[in-house]
Amino acid sequence: MTRAISIFGATGSIGQNTIDLIARDPDAYRVVALSGARNVSQLAFDARRLGAEVAVTADEAQLPALRDALAGSGVQAAAGRAALLEAADRPADWVMSCIVGAAGLEPGLRALRQGAALALANKESMVCAGRLMLETAKAHGATILPVDSEHSAVFQALIGEDIATVERIVITASGGAFRDWPLEALANATPEEAATHPNWDMGQRITIDSASMFNKALELIETREFFGVDPSQIEAVVHPESLIHALVGFRDGALMAHVGPPDMRHAIGFALHYPERRDLPVARLDLAALGSLTFRKACEVRWPALRLAREVMQAGGLAGAVFNAAKEEALDGFIARRIGFTRMAGVVEDVLSGLSAQSGLIDAAITLDNVHHADHLARQTAREIIAGGA
Ligand code: NAD
Ligand code: MG
């Protein structure tokens, strides 16, 4: 049976890994929509070879270039936010949500509304609006399959288990580019230094977020939202080899670990074939050759983002949306060299404490409008803090 699929964020790291799997078995899939932003030549190349119905660039200025690149292909070219959302409304059986940032929330919600299986790489969706995502899926008979490697690992460890018997969930962190740097050197770390990852090949933003552990902070919140466990049951541990992705501890003391090479095609392929397991082109581990696996404590002095994640989980409500938006702005500020590496956490903390004091903001219902409002205020506040040089 041919499955109708769409990929939002097709030109990125997760999108390209997804296309790698799809392109190995083209007859099994009918591609409805592919989306990208500035890299229209990649978008057009993939839309042509996969025979997509529509290719959408989020960047309206790129429409003429996309039209040119698709001329004669039969693939419809579209651009802009409204076109992206229209593409997400098109029925598909399986949709990959891998746009980076809060911009990925709405396309994912649209896909859920038409009952698709949503492979969710965009962790920001769960951080900003976890409850809305789960409720929308439930209301429309849709499923959400986590693609973040840690959450896919937890999901797999929970198959056939009762969540009520779970004592703790441990997600691993590589520690990113600076895990072994002296603490005092971090303030002068550059975006280039932060954008290199010891184990995973990922987009620039998530790679920098790995160095600051804002990525792990988002993942702690994502764990809370996705699996519904208490924040006190969720931990992060540094595991420099990135071979164990997560562990689930049960009330009888058993600890189930998910082990595999750092290759996102495992988690993507698991979500693609779920509930079946099929062959995937990932390396098999030679345990004897590896020799040992190591772990260390995730230090909240080196990585204050982890402490902030705990505060966000405790606060609940729209704190996740505020946290994520402030983090996105702080990251932009760091990439543009307006603030230093260690200042990012300070900016996020200041935004969180400033907006938590605004009555009714964090506690408002988790609707799309309220998420957008909180996101907007958090970005504005973060930009003011950054511009003020405070
Ligand atoms: P990336 O930067 O490589 O790709 C991002 C994609 O989103 C691109 O297609 C880009 O064109 C598109 N995009 C960017 N801004 C957009 C906007 N405003 N509107 C619409 N489209 C936009 O990122 P990535 O590393 O593939 O990560 C994608 C998502 O998956 C992120 O949420 C990330 O946290 C998550 N994730 C990534 C990995 C990984 O290994 N790369 C692992 C786990 C989770
Ligand atoms: Mg991850």
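Within any chain, residue numbers begin from 1 and follow the written order of that chain's sequence. Chain letters and ligand numbers both follow the written order, the letters beginning at A and the numbers at 1. Only residues with pLDDT of 70 or above have their local features reported here, since the model is predicted, and side-chain atom pairs are shown and tallied only from 80 upward, although totals for entire chains, interfaces and linings are computed over all residues.

Enquirer: How do you make sense of the overall build of the chain when you look at a structure like this?
Expert: The helix and strand inventory of the chain stands at 16 helices and twelve strands. Here the globule rule reads 2.2 Å times residues to the power 0.38, and the radius of gyration is calculated from C-alpha atoms. Taking 21 Å as the expected radius of gyration for a compact globule of 390 residues, we find that the chain reaches 20 Å, a close match to that expectation. When its C-alpha atoms are laid out on the principal axes, the chain stretches across 55 × 55 × 40 Å. Relative to its 390 residues, the chain shows a buried fraction of 48%. Contact between residues is assigned whenever the C-beta positions, reconstructed from backbone atoms, fall within 7 Å. Partitioning the intrachain contacts of the chain with sequence separation of at least 6 by distance along the chain shows that 67% fall at a separation of at least 24. Secondary structure elements follow DSSP: runs of H or I no shorter than four residues count as helices, runs of E no shorter than two count as strands, and numbering proceeds from the N terminus. Exposed residues have 12 or fewer other C-beta atoms within 10 Å of their own C-beta, buried residues have 20 or more, and partly exposed residues fall in between, where C-beta atoms are placed from the backbone.

Enquirer: How should the site of ligand 1 be read in this particular structure?
Expert: For ligand 1, the set of nearby residues contains 25 residues, the closest of which are Gly12, Ala37, Ala58, Met202 and Gly203. Those elements giving two or more residues to the shell around ligand 1 turn out to be helix H1 (13–23), helix H6 (123–139) and helix H9 (204–212). Per-element accounting of the shell around ligand 1 gives the leading share, three residues, to H1. Each of two domains, domain 1 (3–146) and domain 2 (149–262 + 284–304), supplies a minimum of three residues to the shell around ligand 1. Should the C-beta atom of a residue, placed from the backbone, lie within 6 Å of a molecule or strand, that residue is near it. Residue ranges assigned to the domains are those given by an automatic or database domain assignment.

Enquirer: What exactly am I supposed to notice about the environment of Ser232 here?
Expert: When you line up the elements, Ser232 lands in the loop between helix H10 (214–227) and strand S9 (234–238). As for Ser232 and Leu272, which are separated by 40 residues in sequence, their C-alpha atoms are 32 Å apart.

Enquirer: Can you walk me through the sheet that holds strand S8 (residues 166–173) in this structure?
Expert: As a general point, the strands of a sheet are linked pairwise by backbone hydrogen bonds and lie either parallel or antiparallel. Pairing between two strands is assigned when DSSP locates at least 2 bridges connecting them. The five strands lie next to each other as S11-S10-S8-S9-S12, forming an open sheet whose pairing is mixed. Each of the sheet's edge strands pairs with one partner strand only, and the pair in question is strand S11 (255–259) and strand S12 (296–297). In the sheet, S8 pairs with strand S10 (residues 244–250) via five bridges, with the strands oriented antiparallel. In the strand pairing of S10, Ile171 is matched with Ala246. Where helix H7 (residues 149–157) meets the sheet, it contacts S8, S10 and S11, and its direction lies at approximately 40° from that of S10. Helix axes are fitted only over the stretch in contact, all axes being lines through C-alpha atoms; the angle between N-to-C directions runs from 0 to 180 degrees.

Enquirer: What's the story with H10 in this structure? I'm lost.
Expert: Note: α-helices contain 3.6 residues per turn, so residues at a spacing of three or four share the same orientation. Compared with the 20 Å implied by 1.5 Å per residue over 14 residues, the 20 Å span of H10 between its first and last C-alpha is a close match. Counting buried positions over the 14 residues of H10 gives 13, a clear majority of the element. Looking one or two residues beyond H10, the residue adopting positive phi is Gly228, at roughly 70°. Multiply 1.5 Å by the residue count of a helix minus one, and that product is the helix's expected span.

Enquirer: Any chance you could explain the nonpolar core here in plain terms?
Expert: Proteins that are soluble and globular tend to have nonpolar side chains buried together. In this structure, Ala55, Leu118, Ala119, Val322 and Ala326 are the most contacted members of the largest nonpolar core, which totals 130 residues. Take this core: its biggest share by element is nine residues, from helix H14 (residues 319–335). Once residues within four sequence positions are removed from consideration, Ala55 is found in contact with Leu34, Leu43, Ala44, Ala47, Leu66, Leu70, Val75 and Ala77. What makes a nonpolar core is a set of buried Ala, Val, Leu, Ile, Met, Phe, Trp, Tyr and Cys residues, with links drawn between C-beta atoms within 7 Å.

Enquirer: What's the story with the UniProt feature "binding site: NADPH" (unreviewed entry) in the chain in this structure? I'm lost.
Expert: UniProt positions are given in the numbering used here, feature names are shortened, and annotations may be inferred rather than shown by experiment. With numbering aligned to this structure, UniProt lists the feature "binding site: NADPH" (unreviewed entry) at Thr11, Gly12, Ser13, Ile14, Ala37, Arg38, Asn39, Asn122, Glu124 and Gly203. On the secondary structure map, Gly12 appears in the loop between strand S1 (3–8) and H1. Other than its neighbours up to four places away in sequence, Gly12 contacts Cys98, Val100 and Gly203. For Ile14, the location among the structural elements is in helix H1. Given 27 C-beta atoms within a 10 Å radius, Ile14 is considered buried. Leaving out residues up to four positions away in the same chain, Ile14 has contacts with Gly9, Cys98, Ala121, Val147, Met264 and Ile268.

Enquirer: So what exactly am I meant to see when it comes to the sheet that holds strand S2 (residues 29–36) here?
Expert: Read across the sheet, seven strands follow the order S4-S3-S2-S1-S5-S6-S7 without closing on themselves; strand pairing throughout is parallel. Whereas interior strands pair on both sides, the edge strands pair on one side only; in this sheet they are strand S4 (76–79) and strand S7 (143–146). Between one strand axis and the next, the sheet turns through 20° on average, direction left out of account. Of the pairings in the sheet, the one linking S1 to S2 comprises five bridges and is parallel in character. Following the sheet pairing, Ile5 is matched in S2 by Val31.

Enquirer: Is there a simple way to explain the packing of helix H5 (residues 105–113) against H6 in this structure?
Expert: Each pair of packed helices gets described by two things: the angle between the helix axes and the distance between those axes. Two elements in contact, H5 and H6, have axes separated by 10 Å at closest approach and are oriented at 15°. Comparing their axes, H6 and H5 come out roughly parallel. For the crossing formed where H5 meets H6, the hand is right-handed. For the pair formed by H5 and H6, the contact residues are Leu105, Gly108, Leu109, Leu112 and Arg113 on the first element and Glu124, Ser125, Cys128, Ala129, Met133, Thr136 and Ala137 on the second. The residue classification treats Ala, Val, Leu, Ile, Met, Phe, Trp, Tyr, Cys and Pro as nonpolar and Asp, Glu, Lys and Arg as charged. All others, Gly included, are polar. When its residues are assigned to classes, the contact of H5 with H6 shows seven nonpolar, three polar and two charged. Between 65 and 115 degrees an angle is taken as roughly perpendicular, under 35 as roughly parallel, over 145 as roughly antiparallel, and anywhere else as oblique. Each crossing gets its hand from how the near helix is turned against the far one by less than a right angle, where anticlockwise is left-handed and clockwise is right-handed.

Enquirer: Even after reading the chapter, I still don't get the pairing of S8, so can you show me in this structure?
Expert: Look at any regular strand and the pattern is simple: side chains alternate between the two faces of the sheet. The buried fraction of S8 is high, at six of eight residues. Direction of pairing for S8 relative to S9: parallel, over a ladder of five bridges. The residue of S9 that forms the bridge with Ile169 is Ile234.

Enquirer: Teacher, can you tell me more about the UniProt feature "binding site: Mn(2+)" (unreviewed entry) in the chain here?
Expert: Sites flagged by UniProt as "binding site: Mn(2+)" (unreviewed entry) map to Asp148, Glu150 and Glu219. Taken along the chain, the residues just named run across 72 residues; in space they keep tight, none of their C-alpha pairs more than 8.2 Å apart. Relative to the assigned elements, Asp148 resides in the loop between S7 and H7. If sequence neighbours within four positions are ignored, Asp148 has contacts with Ala121, Lys123, Glu219 and Glu222. Taking the C-beta count within 10 Å as the criterion, Glu219 has 27 such neighbours and is therefore assigned buried. The residues contacting Glu219, other than those within four sequence positions of it, are Lys123, Asp148, Glu150 and Ile171.

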